[in-house]
Amino acid sequence: MTKLQVAIDLLTTEAALELAHKVAPYVDIIELGTPLIKSEGLKVVTAMKAAFPDKLIFADMKIADTGFLEAEIAFLAGADLVTVMGAVDNATIKGAVEAAKKHGKKVVVDTIGVKNRVERAQEVTAFGVAFVELHAGLDEQTLAGYSVQTLISEGKLAKVPFSVAGGVNIDTIKDVVAAGADVAVAGGAIYGAEDPAAAAKALKEAINSVTVA
Ligand SMILES: O=C(CO)[C@H](O)[C@H](O)COP(=O)(O)O
């Protein structure tokens, strides 16, 4: 069953916790977005894990260097999953995976900026990462012609564990599930909604309505 991940791209711990309390019944993974971690520091990760010990806490660290060190500080703060950039040196990804093994946690590779996402997803999966995030960032989503369907198609081709992130919403989440994604990530579609709990509930129900062959 595809998991639902809420990406919290808000800027304060207080706002992030308030949103998480509203949507927690419907989500499997709570992501602390990169701007939130940069704004608040890793104490937001610690606070979220303390508030939701039964949820997977995803620290979107977007690690680009010192893979072992940066992954380890996030794990020590309470993260269950951390992101490393797919475009960086393999040594950084392997270092983060070593830290994950040491702490019994997991690494996710983020493909922002990766030219050949399918090939790179297959390469990094061999390093022992949990899954690959086929991802178009918030800036890329504003470009003319952007469509999340490109990421969804790549997920089908890659045949590795993957998530899709980049404007996933109620109109597209069923396609994400049907493509076999392990995780569907929704940020703006939840935190930008007038009623975030209702939005998260609808996304979860959409996931549950799809039968994957
Ligand atoms: O990691 C991110 C940006 O770098 C976002 O959290 C991710 O793209 C999901 O948010 P949205 O659904 O609003 O695109």
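Since the structure is predicted, the reported quantities are computational estimates derived from the model, not experimental observations. (Residues numbered from 1 in each chain as written. Predicted model: local features only at pLDDT ≥ 70, side-chain atom pairs only at ≥ 80, totals over all residues. Heavy atoms only, no water.)

Participant: What is the right way to look at the pairing of strand β2 (residues 29-32) in this model?
Facilitator: Along any regular strand the residues' side chains alternate between the sheet's two faces. Of the two faces of β2, the one holding I29 and E31 and the one holding I30 and L32 are both buried throughout. By the bridge criterion, four bridges tie strand β1 (residues 3-8) to β2 in an arrangement that is parallel. Each bridged residue has a counterpart across the sheet, and for V6 the counterpart in β2 is I30. Running through helix α1 (residues 13-23), the crossover from β1 to the neighbouring parallel element β2 is right-handed. (Buried < 20%, exposed > 50% of the residue type's maximum accessible area, 1.4 Å probe, protein only. Helix = DSSP H or I, 4+ residues; strand = E, 2+ residues; numbered from the N terminus. Pairing = 2+ DSSP bridges. Right-handed = clockwise from strand over helix to strand, strands pointing away.)

Participant: I keep staring at the site of the ligand and nothing clicks. Help me out?
Facilitator: Around the ligand sit 13 residues in total, of which D9, H135, Q141, G187 and G188 are the nearest. Contact between the ligand and D60: an oxygen atom at 3.2 Å from a side-chain N or O atom of the residue. One nitrogen or oxygen atom from the main chain of G167 is found 2.9 Å from an oxygen atom belonging to the ligand. (Near = heavy atom within 4 Å. Polar contact = N/O pair within 3.5 Å; in protein donor to acceptor, adjacent residues only side chain to side chain.)

Participant: What is the right way to look at the packing of aromatic side chains in this model?
Facilitator: Any aromatic ring pair is given by two values, namely how distant the centres are and how the planes are angled relative to each other. Evaluation of the coordinates by the stated rule reveals zero aromatic pairs. In this arrangement the basic side chain of K94 is found over the ring face of F127, its NZ or CZ atom lying 4.8 Å from the centre. (Phe/Tyr/Trp six-rings, centres within 6.5 Å; stacked < 30°, edge-to-face > 60°. Lys NZ or Arg CZ within 6 Å of the ring centre and 35° of its normal.)

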